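# Fold and contact review
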Amino acid sequence: MEKQTIIVLDFGGQYNQLIARRVRECNVYCELLPFATAAETLRTKNPIGIILTGGPASVFEPDAPRPDPGIFDLGVPVLGICYGCQLIAELFGGKVSVGPREYGKKQLTTRKGDLTDGLSATSVCWMSHTCYIETLPDGFSVSAKTDTCPVAAMENKARKLYGVQFHPEVMHTEQGTEILRNFLYRVCGAKGDWTMGNFAAQTVAALKKKIGDKKVLCALSGGVDSAVAAALAHKACPNLTCIFVDHGLLRKDEAAEVVRVFRDEQGMNLIAVDASDRFLSKLDGVSEPEEKRAIIGKEFIRVFEEEAKKIGAVDFLLQGTIYPDVIESGFGASAKIKSHHNVGGLPDVVDFKEIVEPLRDLFKDEVRACGFEIGLPESIVMRQPFPGPGLAIRIIGPISREKIKLLQEADYIYRDEIAKAGLTRDIWQYFAVLSDTRSVGVMGDGRTYDYMLALRAVTSVDGMTADWARIPYDVLEKVSTRVVNEVGHINRVVYDITSKPPATVEWE
């Protein structure tokens, strides 16, 4: 069944990935594409509507980014957001000028219109612009304004052109979701056919058709992406083999849980390799984090290659690539954040014919929803993001078995108390870091000189930016008390209150 599609054209704004996620949350599939994508290319995707995103440019600059004008002849509604709104105004004869500037929350006053149908007369919206629409194009009407922005929303029903100067995709805009839903359902005629139930069923059917009884190999880390990808393939492919490599740097009891869930409960053909001695010997005395990463990545490939050779030639290599991996690797006006190679170079060392990426179109929250849909347990679906090098980059300085044990126990306590407090769904990521700093303490009337443990927790939408989580003091107190009393050689616990930027989520 062909799904309805909205095209989001990317003009380089900071919220563009969030726009796509909000559309998906309204049960409408969308794709984020470069602003210069040819109209004929868009026509082949048969969209029911197009959204032009915000961006840092000014529409009246000579080199301002502009879409293929043919997109306005495709016969589908177009919604411009911020820069996209100004772009529509400028292209159709309106006037865009500098100022008055608006940043942050503003009171929005609405009038009757397609986008504002069912909205309250006044609400809060989120503005972020230095230019504004001074003169409307012919045929357009104003459907919302603020005290300093006379055209906060506009529309031309006859030409199916709409624009909002504010950002409906951010949570600060109180009725933003309703505005987007009005565009999707009232204007574009969406049916709401994008659900994880539909996706899972269609993906399993597609994998059965593509792969049949041919051999599929998957590097299973136990993280949510590879887990969901493997579970989908397991439902479709009788000849799936998963290889799980334990490098000795996993969280407490994690290796046993992966084996229990995927081999015992899901019935997968899972090869579990305990290579901890091998990895830890290579890491002996190494302190520099990038050197740790390089050693672990190289050794992982070698272990995987050795196990893969025992299986023989495979037809398909299964990867847990997700949509942000594709976006962040860079396209169009958006900056290249980082290149993603989800299995760390494995295509160079494994004999296979084709890569299969069943989650390539999904955002992380959709991956989790899909995981629940296909019956994976919450312990896997809601597992905290975990770096490939594991605890190696959460132990500052040289690694030892003693330090790994200390951090495993302390991190387990932290996660346990977060779960008991009912905060697991409220915090995007949380973990402990064992520093290389020692300090003086007093325990049992005696002097101690032991390690400092740092707790990290952030809230985020997509991980590109993050704010430190406001964990209640009583929860932090419980974690600190338990760590100091239950874990040896840690006598000081601190909490990291730095956002991203300037910091990163991980310490190394």
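Residues numbered from 1 in each chain as written. Predicted model: local features only at pLDDT ≥ 70, side-chain atom pairs only at ≥ 80, totals over all residues. Heavy atoms only, no water.

### Brief notes about the sheet that holds strand β14 (residues 354–356)
- Read across the sheet, 5 strands follow the order β12-β11-β10-β13-β14 without closing on themselves; strand pairing throughout is parallel. The open sheet has two free edges, formed respectively by β12 (270–274) and β14, since each of these has just one partner strand. Pairs of neighbouring strands in the sheet enclose a mean axial angle of 25°, with direction left out of account.
- The sheet contact formed by strand β13 (residues 316–318) and β14 spans 3 bridges and is parallel. Across the sheet, residue Phe316 finds its bridge partner in β14, namely Glu354.
- Taken strand by strand, helix α7 (residues 254–265) contacts β11 (240–246) and β12, and its axis lies near 170° from that of β12. (Pairing = 2+ DSSP bridges. Helix = DSSP H or I, 4+ residues; strand = E, 2+ residues; numbered from the N terminus. Axes fitted to C-alpha atoms, helices over the stretch in contact; angles between N-to-C directions. Contact = heavy atoms within 4.5 Å.)

### A look at the pattern of salt bridges
- This model, assessed by the stated rule, comprises 41 salt bridges.
- Salt-bridge contacts for Arg293 lead to Glu290; the nearest nitrogen and oxygen are separated by 3.3 Å. Here Arg293 and its partner Glu290 are both found in helix α9 (residues 289–311), 3 residues apart, which amounts to about one turn of the helix.
- With a relative accessible area of 28%, Arg293 lands in the partly exposed category.
- Measuring nitrogen to oxygen at the nearest pair gives 3.2 Å for the salt bridge that ties Asp416 to Lys420. (Salt bridge = Lys/Arg side-chain N within 4 Å of Asp/Glu carboxyl O. Buried < 20%, exposed > 50% of the residue type's maximum accessible area, 1.4 Å probe, protein only.)

### Describing the nonpolar core
- Ranked by size, the top nonpolar core spans 45 residues in total, and within it Leu249, Tyr414, Leu453 and Ile471 carry the most contacts.
- Elements supplying a minimum of two residues to this core: β10 (216–219), β11, α8 (276–282), α9, α13 (401–420), β15 (429–443), β16 (446–459) and α14 (473–486).
- A per-element tally of this core places α13 first, with 7 residues.
- Of all hydrophobic cores here, the second largest spans 43 residues; its members include Ala227, Val259, Leu318 and Ile374. (Core = buried A, V, L, I, M, F, W, Y, C linked by side-chain atoms within 4.5 Å.)

### Examining the sheet that holds strand β7 (residues 141–145)
- In space, the 9 strands of this open sheet follow the order β2-β1-β3-β4-β9-β8-β7-β5-β6, with mixed pairing throughout. One side of each edge strand has no neighbouring strand; the edge strands of this open sheet are β2 (29–34) and β6 (122–135). Averaged over all neighbouring strand pairs, the angle between strand axes comes to 20°, with direction disregarded.
- Across the face of the sheet, helix α3 (residues 83–91) comes into contact with β3 (49–52), β4 (78–81), β5 (95–110), β6, β8 (153–156) and β9 (161–164) while running at roughly 120° to β4.

### Notes on helix α11 (residues 364–373)
- Among all positions in α11, only Glu366, Val367, Arg368, Cys370 and Gly371 are buried.
- Where α11 is buried, its residues touch α1 (16–25), α5 (196–211), α6 (224–236) and α12 (378–381).
- Just past α11, the residue Gly375 takes up positive phi, approximately 95°.

### Thoughts on the environment of Glu2
- Residue position: Glu2 is located in the segment before β1 (5–10).
- The exposed category is assigned to Glu2, whose relative accessible area is 63%.
- Residues Glu2 and Asn46, 44 residues apart in the sequence, show an inter-C-alpha distance of 9.9 Å.
- Ignoring any residue separated from it by four or fewer positions in sequence, one finds Glu2 in contact with Asn46 and Asp193.

### Brief notes about the packing of α5 against α6
- Running from N to C, α5 and α6 point in directions that differ by 60°, and their axes come no closer than 8 Å. Between α5 and α6, the angle falls in the class oblique. Seen from above, α5 lies across α6 with right-handed handedness. In this structure, α5 uses Phe199, Ala200, Thr203, Val204, Leu207 and Lys208 to contact α6, whose residues at the interface are Leu232, Ala233, Lys235 and Ala236.
- Of the residues belonging to the contact of α5 with α6, the class tally is 7 nonpolar, 1 polar and 2 charged. (Parallel < 35°, antiparallel > 145°, perpendicular 65-115°, else oblique. Left-handed = near helix turned anticlockwise from the far one by under 90°. Nonpolar A, V, L, I, M, F, W, Y, C, P; charged D, E, K, R; others polar.)

### Topic: the confidence of the model for the protein chain
- The predicted model of the protein chain averages 90 in pLDDT, with 94% of residues at 70 or higher.
- Low pLDDT, under 50, characterises residues 331–347; the predicted model gives this stretch 42 contacts beyond four residues in sequence or across chains. (pLDDT = per-residue confidence, 0-100.)

### Brief notes about unusual backbone geometry
- A cis amide bond links Lys500 to the next residue, Pro501, at an omega of -10°.
- As for its position among the elements, Pro501 is in the segment after β18 (490–495).
- Here the bond from Pro501 into Pro502 is cis, since omega is 10°, no more than 30 degrees from zero.
- Note that Pro502 resides in the segment after β18.

### Overview of the packing of α5 against α11
- Interaxial distance between α5 and α11 falls to 9 Å at its minimum, and their mutual angle equals 70°. Comparing their axes, α11 and α5 come out roughly perpendicular. On α11, the residues touching Met196, Gly197, Phe199 and Ala200 of α5 are Glu366, Ala369, Cys370 and Glu373.
- A per-class count over the contact of α5 with α11 returns 5 nonpolar, 1 polar and 2 charged.

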